[in-house]
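# Examination of the molecular architecture
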Amino acid sequence: MKATDRRTKQDLTHVLKDLADGHCSEKNLVVVMDTLNTHKRSTLYGTFKLIEARRLTRRFEVHHTLKHGSWLNMALVMRRW
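Predicted model, so just to flag it, every value in this text is computed and none were measured.

A word on the overall build of the chain. In terms of helices and strands, the chain carries four helices and two strands. For the chain, the proportion of its 81 residues judged to be buried stands at 31%. Element-wise, carbon and sulfur atoms account for 54% of the exposed surface of the chain, whose accessible area totals about 6,300 Å².

Right, let's get into the confidence of the model for the chain. Averaged over all residues, the pLDDT of the chain is 78; the fraction at 70 or higher stands at 79%. Element-level pLDDT for the chain is lowest in helix α4 (residues 71-80), with a mean of 62, against a maximum mean of 91 in helix α3 (residues 50-59).

This paragraph deals with empty space enclosed by the protein. Going through the model one piece at a time under the given rule, you end up with one cavity of 30 Å³ or more. Volume-wise, the largest cavity comes out at about 30 Å³. Every residue along the wall of the largest cavity is listed here: Leu16, Met33, Arg41, Leu44, Phe60 and Val62. Counted by class, the lining of the largest cavity contains five nonpolar, no polar and one charged residues.

By the element assignment, Arg59 lies in helix α3. Of the buried charged residues, Arg59 lacks a salt bridge, with Asp21 as the closest side chain of opposite charge at 4.5 Å. Beyond its immediate sequence surroundings of up to four residues, Arg59 is in contact with Ala20, Asp21, Cys24, Ser25, Glu26, Lys27, Asn28 and Leu29.

The rules behind these values
- Residues numbered from 1 in each chain as written.
- Predicted model: local features only at pLDDT ≥ 70, side-chain atom pairs only at ≥ 80, totals over all residues.
- Heavy atoms only, no water.
- Helix = DSSP H or I, 4+ residues; strand = E, 2+ residues; numbered from the N terminus.
- Buried < 20%, exposed > 50% of the residue type's maximum accessible area, 1.4 Å probe, protein only.
- Areas by Shrake-Rupley, 256 points an atom, 1.4 Å probe, with all protein chains shown as cover.
- pLDDT = per-residue confidence, 0-100.
- 1 Å grid on protein atoms, 1.4 Å probe; cavity = no way out; pocket = protein on both sides within 12 Å on 5 of 7 lines; lining within 4 Å.
- Points joined across faces, edges and corners; volume = space filled by probe spheres on them.
- Nonpolar A, V, L, I, M, F, W, Y, C, P; charged D, E, K, R; others polar.
- Lys, Arg positive; Asp, Glu negative; His and termini not counted.
- Salt bridge = Lys/Arg side-chain N within 4 Å of Asp/Glu carboxyl O.
- Contact = heavy atoms within 4.5 Å.

The structure is reproduced here in structure tokens:
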């Protein structure tokens, strides 16, 4: 993983691509995201070409945290699931 100075859509999409292609290239990934405006699958389509964005989108199973929920509670729920 890497840290960036900003939290832009492009930063998120490049981190997701690195994760899918480098670290976990053989598995589908479950991603838990908060409700920040940049945390959407559609951001992949704004950064990459259609074919690449579709390929990446199919790799991720995205779950969003509750708007007023805590990360810890969500992580515990996902672990039991």
